[in-house]
Amino acid sequence: ETLQSFSTSGKMQDVIAAVIADISRGKGFAASLAAHPSVFNKIYISTVEVGEKTGNLAGMLNRLAEYQEKDEEVRSKLKSALTYPVFILVFCLVLTYGMVAYLLPGFTPMFTQSGLDLNKYPITQFLMFLSKLCTSFWDELLVGLLLFGLVATYRKIVSSSHGRNVRDSF
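Everything numeric in this text was worked out from a predicted model, so none of it was measured. (Residues numbered from 1 in each chain as written. Predicted model: local features only at pLDDT ≥ 70, side-chain atom pairs only at ≥ 80, totals over all residues. Heavy atoms only, no water.)

In terms of helices and strands, the protein carries eight helices and zero strands. Here the C-alpha radius of gyration of the protein, 27 Å, is well above what a compact globule of 170 residues would show, namely 15 Å. Along the longest, intermediate and shortest principal axes, the C-alpha atoms of the protein span 85 × 35 × 30 Å. Looking at the protein as a whole, 16% of its 170 residues qualify as buried. (Helix = DSSP H or I, 4+ residues; strand = E, 2+ residues; numbered from the N terminus. Rg over C-alpha atoms; globule rule 2.2 N^0.38 Å. Buried < 20%, exposed > 50% of the residue type's maximum accessible area, 1.4 Å probe, protein only.)

Laid out in structure tokens, this is it:
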């Protein structure tokens, strides 16, 4: 009840209230937490269950708190370590888009008027194709929708346990 009063999240207050109600009805602490898998993961629930069965709930909760603090510390370090590479990636993508969308169309007439057989230069052909895509609103919209669909499909696949296992093994 004290934890509920200190929580600033309305969702967490509701979950804690439901756990309190379950415990008041005689349900075990671990079983009460297990009713909310989106909030309490399996490690959390298993640790509490072991603490209940061994009679060392306070010790197991302390271990769980230490685990969560270390986990949060690792996540924080990982986020800070990835900030610069993500910035560089985004910057490079924007720069590449700018070159393909605005710089390359100026060179396209030169390539076509030179009389060269562009079939011998597949990278040049690919870049010219990308340039045409980047200068047409409808083509850009289509590419954006395709990317959105790919991301949504990836998230849907990874939301299943089999999909996570395949991703993790990859």
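Read on for the rest.
Turning our eyes to something else, we now look at a nonpolar patch on the surface. Taken together, the side chains of Y84, F87, I88, F91, L95, M99, L103, F107 and M110 present a nonpolar region at the surface, about 940 Å² in accessible area. Residue classification places Y84 among the exposed residues on the basis of a relative accessible area of 59%. (Patch = residues over 30% accessible without salt bridge, like charges linked within 9 Å, V, L, I, M, F, W, Y side chains within 5 Å. Areas by Shrake-Rupley, 256 points an atom, 1.4 Å probe, with all protein chains shown as cover. Salt bridge = Lys/Arg side-chain N within 4 Å of Asp/Glu carboxyl O.)

Next up on the list: the packing of aromatic side chains. Applying the stated criterion to the full structure yields three aromatic pairs. Ring centres of F40 and Y44 lie 5.2 Å apart, and the angle between their planes is 40°; on these two criteria the pair is classed as tilted. Across this residue pair, the class does not change: F40 and Y44 are buried. Arranged with centres 5.1 Å apart and planes meeting at 75°, the rings of F137 and W138 form a pair that is edge-to-face. We note that F137, like W138, is exposed. (Phe/Tyr/Trp six-rings, centres within 6.5 Å; stacked < 30°, edge-to-face > 60°.)

Below, the discussion takes up the side chain of H36. Counting through the fold element by element, H36 comes out in the loop between α3 (29–34) and α4 (42–54). Taking the relative accessible area as the measure of exposure, H36 reaches 16% and is therefore buried. Once residues lying within four places of it in the same chain are set aside, the contact partners of H36 are V15, A18 and V19. (Contact = heavy atoms within 4.5 Å.)

Within the secondary structure, R155 is located in helix α7 (residues 137–158). C-alpha of R155 to C-alpha of D168: the two residues are 13 residues apart in sequence and 14 Å apart in space.

Time to look at the side chain of S7. Tracing the sequence through the fold places S7 in the loop between α1 (2–6) and α2 (10–24). Look at S7 and you get buried, because its relative accessible area is 16%. A polar side-chain atom of S7 sits 3.4 Å from the main-chain carbonyl oxygen of S9. Setting aside residues no more than four positions away along its own chain, S7 makes contact with M12 and Q13. (Polar contact = N/O pair within 3.5 Å; in protein donor to acceptor, adjacent residues only side chain to side chain.)

Now for the layout of surface pockets. By volume, the largest pocket amounts to about 270 Å³. Lining the largest pocket, in full, are L3, M12, I16, V19, I20, I23, F29, L33, F40, Y44 and L61. Of all the secondary structure elements, the ones that give two or more residues to the lining of the largest pocket are α2 and α3. Of all the elements, α2 adds the most residues to the lining of the largest pocket, at five residues. Tallied by class, the residues present in the lining of the largest pocket amount to 11 nonpolar, no polar and no charged. Of the volumes computed, that of the second largest pocket is approximately 170 Å³. Breaking the lining of the second largest pocket down by element, the ones donating at least two residues are α5 (57–113) and α6 (122–134). (1 Å grid on protein atoms, 1.4 Å probe; cavity = no way out; pocket = protein on both sides within 12 Å on 5 of 7 lines; lining within 4 Å. Points joined across faces, edges and corners; volume = space filled by probe spheres on them. Nonpolar A, V, L, I, M, F, W, Y, C, P; charged D, E, K, R; others polar.)

Let us now look at the nonpolar core. Within the largest apolar cluster, nine residues are counted, these being V15, V19, A30, L33, F40, Y44, I45, V48 and L64. At the level of elements, α2, α3 and α4 are the ones that each hand at least two residues to this core. Top element by residues in this core is α4. It accounts for three residues. Dropping the residues within four chain positions of it, Y44 is found in contact with L33, L64 and Q68. (Core = buried A, V, L, I, M, F, W, Y, C linked by side-chain atoms within 4.5 Å.)

Note that all results are geometric; they support no functional claim without further evidence.
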